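Here is how the chains run, residue by residue.
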Amino acid sequence: MKLNLKIWRQKNSSSPGKMVDYKVDGIDKDMSFLEMIDVLNQQLIDGGEEPVAFDHDCREGICGMCSMYINGQPHGPWEKTTTCQLHMRAFNEGDTVYIEPWRAKSFPIIKDLVVDRTAFDRIQQAGGYISVNTGNAVDANSIPIEKELADQAMDAATCIGCGACVAACKNSSAMLFVSAKVSHLALLPQGQPERKDRVLNMMNKMDEEGFGACSNTEACEAACPKGISVFNIARVNREFISSSAFVKKKDS
Amino acid sequence: MRWLTSFLTSSAGRKVLMSLTGLFLCSFLIAHMSGNLSLLLSDGGQAFNEYAKFMTTFPLIKVLSIGTYVVIILHIVQGILLALKNRNSRPDKYVSKASGKGSTWASRNMALLGIIILVFLIIHLKSFWYQVKFGHIPTVNYGGGEIKDLYTIVVTAFKNPLYVGFYLVSLAALAFHLVHGFQSAFQSLGIRHTKYTPIIKFAGYAFAILVPLGFAIQPLYILMFK
């Protein structure tokens, strides 16, 4: 399969970038999208050019590193699929494929298709944790948890923090990410002690990092490779409103 | 009170303000539309003029109308601030066109729809509200003293096809604004559940169709049959 690629090339965070045209040949339909980029990069290296920098790690859809905006969609055309799990059978002979990095003020471009997503780490550090005593691991089912709640918490916990929600959102809002992280812990008994502070601190951090507000377009849910539901956004709004009104703080 | 200022300046808190003001304005639309239906009566405008007099003089309504002005201004100012903040969150745009998958056109264009409604509101207030408050308009007497004849002003305005056309375009914008806004308001307030969200969505669609339709009947009726 032959493809025409239009890829964003940018030397570093301070220099301007532009779309550059490339042609690749000999692409097998069973290759993954990243393997197709590998083929292109080998071609560039052989020709003495700088290969395209892109993020990847596990290449099995669970690490959340790969991040390409392909033909106007984060992670490309397949539903609930990361870029590494997108296969070339999604494309046809002679297709033109646009490949861009995530674009958001809070995700500055480092080089080519690589963006700095440490804003997500800082949001997590602001409250996405629970306090547990060290020592022996607690017996797995020592605290009974209602099946429905456990399922909802697990669904929220499948968020891999890839940033596709921010990339898809017209406002670059991080609400789906934050709502998944808050929901995952707010639904479980282990998350109760820090529940109110968690949502306040994570939401404040989200605003501080410069992400946009949520317009409820629900484009994030459609782009999410893990299918995180916007029901979580309603939950985080609920948690945020009640915690803002009822949390006990001396200085407020 | 620091919690309140930090709540109202947070992005989620601003959305709560947009929801509450938006839902209040929905109730205003129902009241306004029901009053307008009196334009359809064949009584030479008596019911409509008496309704207009009641709305401009009854003390409780006067208080409520000041509240409505405040709410409208809050909704507009907060909407503009949010739209600017959101634009600013992506200074460098994508080169390729966004697929828009999973989202409706209305949800992506609430600010544009809001601006159309704002332009309408300014022209609408100029043609009717300003005339009643500060303009010199004819009066009529139905036996209870001289009252302002807003009916004649309205009928004159609605006999102009251009004005009616502009009115209908604005109502279409209102319909799309409501299609997204009504259900989005509940989401921003955290009210969502598999049990009752389908009811909210249905009510939102019904509201977004019926209310603008209720506003469109009078200008069309006057344009065609008066």
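Reading guide: rules and limits
- Residues numbered from 1 in each chain as written.
- Chains lettered and ligands numbered in written order.
- Predicted model: local features only at pLDDT ≥ 70, side-chain atom pairs only at ≥ 80, totals over all residues.
- Helix = DSSP H or I, 4+ residues; strand = E, 2+ residues; numbered from the N terminus.
- Buried ≥ 20, exposed ≤ 12 C-beta atoms within 10 Å, placed from the backbone.
- Contact = placed C-beta atoms within 7 Å.
- Expected span 1.5 Å × (residues − 1).
- Domains from an automatic or database assignment.
- Nonpolar A, V, L, I, M, F, W, Y, C, P; charged D, E, K, R; others polar.
- Pairing = 2+ DSSP bridges.
- pLDDT = per-residue confidence, 0-100.
- Axes fitted to C-alpha atoms, helices over the stretch in contact; angles between N-to-C directions.
- Parallel < 35°, antiparallel > 145°, perpendicular 65-115°, else oblique.
- Core = buried A, V, L, I, M, F, W, Y, C linked by C-beta atoms within 7 Å.

Novice: Sorry if this is basic, but what is going on with the overall build of chain A here?
Specialist: Scanning chain A for helices and strands turns up eight helices and seven strands. By principal-axis analysis of the C-alpha atoms, chain A measures approximately 65 × 40 × 35 Å. When the 252 residues of chain A are sorted by exposure, 46% land in the buried category. By sequence separation, contacts in chain A at least 24 residues apart represent 70% of the contacts at least 6 residues apart.

Novice: Looking at this structure, I do not really get the overall build of chain B. What am I missing?
Specialist: Of regular secondary structure, chain B possesses nine helices and two strands. Burial analysis of chain B (226 residues in total) assigns 26% to the buried set. Pairs at least 24 apart in sequence give 74% of the contacts found in chain B among residues at least 6 apart.

Novice: Sorry, what's going on with helix 6 (residues 195-208) of chain A here?
Specialist: Two residues of an α-helix separated by three or four positions point the same way, owing to the 3.6 residues in each turn. Spanning 14 residues, helix 6 of chain A covers 20 Å between terminal C-alpha atoms, matching the ideal 20 Å at 1.5 Å per step. Listed as buried for helix 6 of chain A are R195(A), K196(A), R198(A), V199(A), L200(A), M202(A), M203(A), K205(A) and M206(A). Its buried side turned inward, helix 6 of chain A meets helix 2 (118-125), helix 5 (175-186) and helix 8 (231-246) of chain A together with helix 2 (11-36) of chain B.

Novice: Sorry, what's going on with the environment of G94(A) here?
Specialist: Within the secondary structure, G94(A) is located in the loop between strand 4 (73-74) and strand 5 (96-100). For G94(A), a count of 9 C-beta atoms within 10 Å puts it in the exposed group.

Novice: Which parts of the structure should I look at to understand the domain arrangement of chain A?
Specialist: When the parts of a complex come together, some accessible area is lost, and that lost area is often used as the size of the interface. Residue and element names in this part refer to chain A. Each assigned domain of chain A is listed with its residue range as follows: domain 1 (3-110) and domain 2 (118-246). Centre-to-centre separation of domain 1 and domain 2, based on C-alpha positions: 29 Å. The interface of domain 1 with domain 2 comprises 18 residues on the first partner and 17 residues on the second. For the side of domain 1 that touches domain 2, a count of residues per class yields seven nonpolar, eight polar and three charged.

Novice: What is the right way to read the pairing of strand 1 (residues 3-9) of chain A from this model?
Specialist: Sheet faces and side chains relate simply in a regular strand, where the side chains alternate between the two faces. All names here are of chain A. As paired strands, strand 1 and strand 2 (residues 18-24) are joined by seven bridges and run antiparallel to one another. Bridge assignment links K6 to a residue of strand 2, and that residue is D21. Where strand 1 lies against strand 5, four bridges are found, and the strand directions are parallel. Directly across from K6, in strand 5, lies its bridge partner Y98.

Novice: Could you clarify how one ought to interpret the confidence of the model for chain B in this entry?
Specialist: Do not read the predicted coordinates in detail wherever pLDDT is low. With 100% of its residues at a pLDDT of 70 or more, chain B shows a mean pLDDT of 94. Across the interfaces of the predicted complex, the ipTM metric reaches 0.93, alongside a pTM of 0.94.

Novice: Honestly, the sheet that holds strand 3 (residues 69-70) of chain A in this entry has me stumped. Any pointers?
Specialist: Across a sheet, strands are paired by hydrogen bonds formed along the backbone, either parallel or antiparallel in direction. Residues and elements named next belong to chain A. Taken together, the five strands give an open sheet; going across it, the order is 2-1-5-3-4, and neighbouring strands pair in mixed fashion. Of all the strands in the sheet, just strand 2 and strand 4 have a single pairing partner and so form its edges. Across the sheet, helix 1 (residues 33-46) lies against strand 1 and strand 2, angled at about 90° from strand 2, the strand it touches most.

Novice: Looking at this structure, how should I read the interface of chain A and chain B?
Specialist: Each partner contributes residues to the interface: chain A has 40 residues there, and chain B has 37 residues. Of all the secondary-structure elements, those providing two or more residues to the side of chain A that touches chain B are strand 5, helix 6, helix 7 (219-223) and helix 8 of chain A. The greatest single-element share of the side of chain A that touches chain B, amounting to nine residues, is contributed by helix 8 of chain A. Considered class by class, the residues forming the side of chain A that touches chain B number 16 nonpolar, 14 polar and 10 charged.

Novice: How do you make sense of the packing of helix 5 of chain A against helix 6 of chain A when you look at a structure like this?
Specialist: The relative placement of two packed helices comes down to the angle between their axes together with the axis-to-axis distance. Residue and element names in this part refer to chain A. The interhelical angle for the contact between helix 5 and helix 6, taken along N-to-C directions, is 170°, at an axis separation of 10 Å. Our classification of the angle between helix 5 and helix 6 gives roughly antiparallel. Seen from helix 5, the contacting residues are V178, K181, V182, L185 and A186; seen from helix 6, they are R195, R198, V199, M202, M203 and M206. Tallied by class, the residues present in the contact of helix 5 with helix 6 amount to eight nonpolar, no polar and three charged.

Novice: Explain the nonpolar core to me, please; I cannot follow it from the model alone.
Specialist: If you look at the biggest cluster of nonpolar residues, it comprises 74 residues, and the most contacted ones within it are C165(A), V166(A), A174(A), L176(A) and V178(A). If you tally residues by element for this core, the top one is helix 5 of chain A, at eight residues. Each of two domains, domain 1 (3-110) and domain 2 (118-246) of chain A, supplies a minimum of three residues to this core. Sequence-distant contacts of C165(A), that is, excluding residues within four places in its chain, are made with A174(A), L176(A), F177(A), C220(A), A223(A) and C224(A). Counting 15 residues, the second largest nonpolar core, distinct from the first, contains L174(B), A185(B), F186(B) and A208(B).

Novice: How should I be thinking about unusual backbone geometry in this particular structure?
Specialist: Both trends apply: most residues other than glycine have a negative phi, and most peptide bonds are in trans. All names here are of chain A. Phi is positive for S172, which is not a glycine, with a value near 50°. On the secondary structure map, S172 appears in the loop between helix 4 (164-168) and helix 5. Phi at N216 takes a positive value of approximately 55°, unusual for a residue other than glycine. Locating N216 in the fold gives a position in the loop between helix 6 and helix 7.

Novice: Is there a simple way to explain the packing of helix 6 of chain A against helix 8 of chain A in this structure?
Specialist: Residue and element names in this part refer to chain A. In the contact formed by helix 6 and helix 8, the axes pass within 9 Å of each other and the chain directions differ by 105°. Taken together, the axes of helix 6 and helix 8 lie roughly perpendicular to each other. Across the interface between the two elements, K196, V199, L200 and M203 of helix 6 pack against V236, E239, F240, S243 and S244 of helix 8. Tallied by class, residues from the contact of helix 6 with helix 8 come to five nonpolar, two polar and two charged.

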